[in-house]
Amino acid sequence: MTELIPLLMFAAVCGALMFGYPVAFTLGGTALAAAGLGIVFGIFNPELLRAFPDRLYGIMQNGTLMAVPLFVLMGVMLERARIAEDLLVNLAKVFARLPAGMAVSVVVVGALLAASTGIVGATVVTMGLMSLPTMLRNGYPAGLATGTICATGTLGQIIPPSIALVLLGDTLSNAYQQAQLSAGIFNPQPVSVGDLFIGAIVPGLLLVAAYIIYLLFVARRELAAAPAGESESVDLTHTLKSLLPPIVLMLLVLGSIISGAATPTEAAAVGALGAGILAWSRGALSWNRAGEVGRNTLQVSAMVFAILIGASLFSLVFRGYDGEELVTSIFNSLPGGVVGATLLVMVVIFLLGFILDFIEITFVVVPIVGPVLLAMGVDPVWLGIMIAINLQTSFLTPPFGFALFYLRGVAPEEVATGAIYRGVVPFIAIQLLLLCALALWPELATWLPGRLS
């Protein structure tokens, strides 16, 4: 019975979360309850809990995680200063004469916004408020309009530099080191957040390109489904002033990480400062807005670190009950070896994406399964990209996908929920095709990091 306790802990967390309890307290509370009962019945070593303060100190000393509040600040600043909205309006004018022009501009701007925030809810809500009414007025079917916005909003899982990749990179780095130590190997240069950023470039660009190709195909097949907008005169100077600064800022942030000129945290600091300067130069940075941006950044950052602390305690107690050995034995007994184990992990993560956000999955699930898979020879960069796209697909899949709920909350009442569900199906198919392509050709994720390392 003792060996089943780790599985019971995991089931208890999932059950509590389905009833709406806060994630951080659910993780910590479940861990403390399991440890307390184990101490009472003499099946858990209380000395293991002495390692928890060291773990908290390690979190505070983790320089990579400092990138999280800085990237959040950058994204919130670009959103609240209406820089992203200005991007959408001007790109829509540029593509106005083309069939599906409005939808293409939504994908491009949504990808840029997703890269700067990495938070699915923020991007979907922002794009829904900015572009959905305009697309409906221009004659787009509700399904195509809502599907485009939902799919674009989930791009923050895979397009760097995003918070999801920062957290995944740090977690996989720790899992990789743990897998090496268990095998008696030490690599002084483990996988980094920068490696994950570089590995995500090709899959992210392929996904954006596939979205655009699908929209152009729909427009060609049925012009009324993705009509061209009204032709408007384009002020080239104003358009360039609107488009270039934020795009240059994002390229500067990503380029400095890829080139090795800056760490992700240093690049995030540049991005946050640059976003503030952009907002100030446009006259959009008042004291009230700065306070609003600061409060929003504090709320998101506090949520992330509270979950990380709860997940750290959970993983400590989970390992105290030999949970890692249990997972290893389960994976080793699966048919298909490493392929079967990886497939099982992907299915479980996909299903958990219906009830958990990427932060909880990154901090709870990845530390449990990551070391086992990496010890079996799975490439850490490939695994990180597969997890990111898998979660992206999960957040988009009816009836429980988070992106659908977010858009439903801001969509007009006349837009039926069924139309939203039907609209995302082609985009889900595109993402599944990309997952299959990555499974068949891992080089799509691993080639570029290998060339630039």
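Residues numbered from 1 in each chain as written. Predicted model: local features only at pLDDT ≥ 70, side-chain atom pairs only at ≥ 80, totals over all residues. Heavy atoms only, no water.

1. Points about the overall build of the chain
Point 1. From N to C terminus, the chain includes 20 helices and 0 strands.
Point 2. Compactness check: the chain gives a C-alpha radius of gyration of 22 Å against a globular reference of 22 Å for 453 residues, within 12% of the reference.
Point 3. Expressed along its principal axes, the backbone C-alpha trace of the chain runs to roughly 75 × 45 × 45 Å.
Point 4. The 453 residues of the chain split such that 53% are buried. (Helix = DSSP H or I, 4+ residues; strand = E, 2+ residues; numbered from the N terminus. Rg over C-alpha atoms; globule rule 2.2 N^0.38 Å. Buried < 20%, exposed > 50% of the residue type's maximum accessible area, 1.4 Å probe, protein only.)

2. Details of the nonpolar core
Nonpolar side chains in soluble globular proteins generally cluster together in the buried interior.
Point 1. Formed by 146 residues in total, the largest nonpolar core has its most connected members in Phe71, Ile158, Leu167, Phe314, Val317, Leu383 and Ile385.
Point 2. The leading source of residues in this core is helix H16 (residues 358-375), at 12 residues.
Point 3. When residues no more than four places from it in sequence are discounted, the contact partners of Val317 are Met9, Ala31, Ala34, Ala35, Phe44 and Leu49. (Core = buried A, V, L, I, M, F, W, Y, C linked by side-chain atoms within 4.5 Å. Contact = heavy atoms within 4.5 Å.)

3. Here we look at the pattern of salt bridges
Point 1. By the definition in use, this model includes 1 salt bridge.
Point 2. Arg50 serves as the salt-bridge partner of Glu47, at 2.7 Å between the closest nitrogen and oxygen. (Salt bridge = Lys/Arg side-chain N within 4 Å of Asp/Glu carboxyl O.)

4. A word on the layout of surface pockets
Point 1. Counted as a void, the largest pocket has a volume near 540 Å³.
Point 2. Together, 19 residues line the largest pocket, and Arg55, Asn174, Ser312, Ser315 and Pro367 are the ones closest to its centre.
Point 3. Those elements that place two or more of their residues in the lining of the largest pocket are helix H3 (52-61), helix H9 (163-182), helix H13 (287-320) and H16.
Point 4. Residue contributions to the lining of the largest pocket peak at 7 residues, all from H9.
Point 5. Class assignment of the residues belonging to the lining of the largest pocket gives a composition of 8 nonpolar, 8 polar and 3 charged. (1 Å grid on protein atoms, 1.4 Å probe; cavity = no way out; pocket = protein on both sides within 12 Å on 5 of 7 lines; lining within 4 Å. Points joined across faces, edges and corners; volume = space filled by probe spheres on them. Nonpolar A, V, L, I, M, F, W, Y, C, P; charged D, E, K, R; others polar.)

5. Remarks on the packing of helix H17 (residues 380-394) against helix H19 (residues 417-440)
Point 1. For the pair H17 and H19, interaxial distance at closest approach is 10 Å and the crossing angle is 165 degrees. Put simply, H17 runs roughly antiparallel to H19. Seen along the crossing, H17 lies across H19 with a hand that is left-handed. Contacts between H17 and H19 pair Trp382, Ile385, Met386, Ile389, Asn390, Gln392 and Thr393 from the former with Ile428, Gln431, Leu432, Leu434, Leu435, Leu438 and Ala439 from the latter.
Point 2. Of the residues assigned to the contact of H17 with H19, the class counts are 10 nonpolar, 4 polar and no charged. (Axes fitted to C-alpha atoms, helices over the stretch in contact; angles between N-to-C directions. Parallel < 35°, antiparallel > 145°, perpendicular 65-115°, else oblique. Left-handed = near helix turned anticlockwise from the far one by under 90°.)

6. Some thoughts on a nonpolar patch on the surface
Point 1. A surface patch of nonpolar side chains, amounting to about 430 Å² of accessible area, comprises Leu4, Leu7, Leu8, Ile330, Leu344 and Val348.
Point 2. Structurally, the position occupied by Leu8 is in helix H1 (residues 5-18).
Point 3. On the accessibility criterion, Leu8 (47% relative accessible area) is partly exposed. (Patch = residues over 30% accessible without salt bridge, like charges linked within 9 Å, V, L, I, M, F, W, Y side chains within 5 Å. Areas by Shrake-Rupley, 256 points an atom, 1.4 Å probe, with all protein chains shown as cover.)

7. Some remarks on helix H12 (residues 264-281)
Point 1. For H12, spanning 18 residues, the distance from its first C-alpha to its last is 25 Å, which sits close to the expected 26 Å at 1.5 Å a residue.
Point 2. The set of residues buried in H12 consists of Pro264, Thr265, Ala267, Ala268, Gly271, Ala272, Gly274, Ala275, Gly276, Leu278 and Ala279. (Expected span 1.5 Å × (residues − 1).)

8. Regarding the confidence of the model for the chain
Point 1. Mean pLDDT over the chain works out to 82, with 92% of the residues at or above the 70 mark.
Point 2. Per-element averaging of pLDDT across the chain places helix H5 (residues 83-94) at the bottom with 73 and H19 at the top with 92. (pLDDT = per-residue confidence, 0-100.)

9. Regarding the packing of aromatic side chains
Point 1. Here the structure, examined in full by the defined rule, presents 4 aromatic pairs.
Point 2. A connected cluster of aromatic rings, assembled from ring pairs, spans Tyr211, Tyr214 and Phe427. (Phe/Tyr/Trp six-rings, centres within 6.5 Å; stacked < 30°, edge-to-face > 60°.)

10. Some remarks on the environment of Tyr321
Point 1. Along the chain, Tyr321 turns up in the loop between H13 and helix H14 (323-333).
Point 2. Under the relative-accessibility criterion, Tyr321 is labelled buried at 5%.
Point 3. For the pair Tyr321 and Trp287, spaced 34 residues apart in sequence, the C-alpha to C-alpha distance is 51 Å.
Point 4. When near neighbours in sequence (up to four residues on either side) are disregarded, Tyr321 contacts Ile5, Pro6, Met9, Ala34, Ala35, Gly38, Ile43 and Phe44.
Point 5. A distance of 3.4 Å separates the side chain of Tyr321 from the backbone nitrogen of Gly38, its partner in a polar contact. (Polar contact = N/O pair within 3.5 Å; in protein donor to acceptor, adjacent residues only side chain to side chain.)

11. Quick notes on the environment of Ala16
Point 1. For Ala16, the location among the structural elements is in helix H1.
Point 2. With residues up to four places along the chain from it excluded, the contact list for Ala16 reads Tyr21 and Thr26.

12. Examining helix H2 (residues 23-40)
Along an α-helix, residues three or four positions apart point the same way, because every turn accommodates 3.6 residues.
Point 1. Here H2 spans 26 Å end to end across 18 residues, near enough to the 26 Å set by a 1.5 Å rise per residue.
Point 2. Every buried residue of H2 is listed here: Val23, Ala24, Thr26, Leu27, Gly28, Thr30, Ala31, Ala34, Ala35 and Gly38.
Point 3. Phi turns positive, to about 70 degrees, at Gly42, one or two residues after H2.

13. Topic: the side chain of Asn390
Point 1. Locating Asn390 in the fold gives a position in helix H17.
Point 2. A relative accessible area of 5% means that Asn390 is categorised as buried.
Point 3. Excluding its chain neighbours within four sequence positions, the residues that come into contact with Asn390 are Met346, Ile349, Phe350 and Leu435.

14. What to know about the packing of helix H8 (residues 142-153) against helix H10 (residues 193-221)
Point 1. The contact between H8 and H10 brings their axes to 12 Å, and the two run at 170 degrees. With respect to each other, H8 and H10 are oriented roughly antiparallel. Where H8 approaches H10, its residues Leu144, Thr148, Ala151 and Thr152 are matched on the opposing element by Tyr211, Tyr214, Leu215 and Val218.
Point 2. Of the residues in the contact of H8 with H10, the class split is 6 nonpolar, 2 polar and no charged.

15. With respect to the environment of Ser301
Point 1. Its place among the elements puts Ser301 in helix H13.
Point 2. Separated by 247 residues in sequence, Ser301 and Asp54 have C-alpha atoms that sit 21 Å apart.

16. Considerations on the side chain of Thr265
Point 1. Along the chain, Thr265 falls in helix H12.
Point 2. The class of Thr265 is buried, set by a relative accessible area of 19%.
Point 3. Aside from chain neighbours lying at most four places away, what touches Thr265 is Gly63, Thr64, Met66, Ala67 and Leu70.

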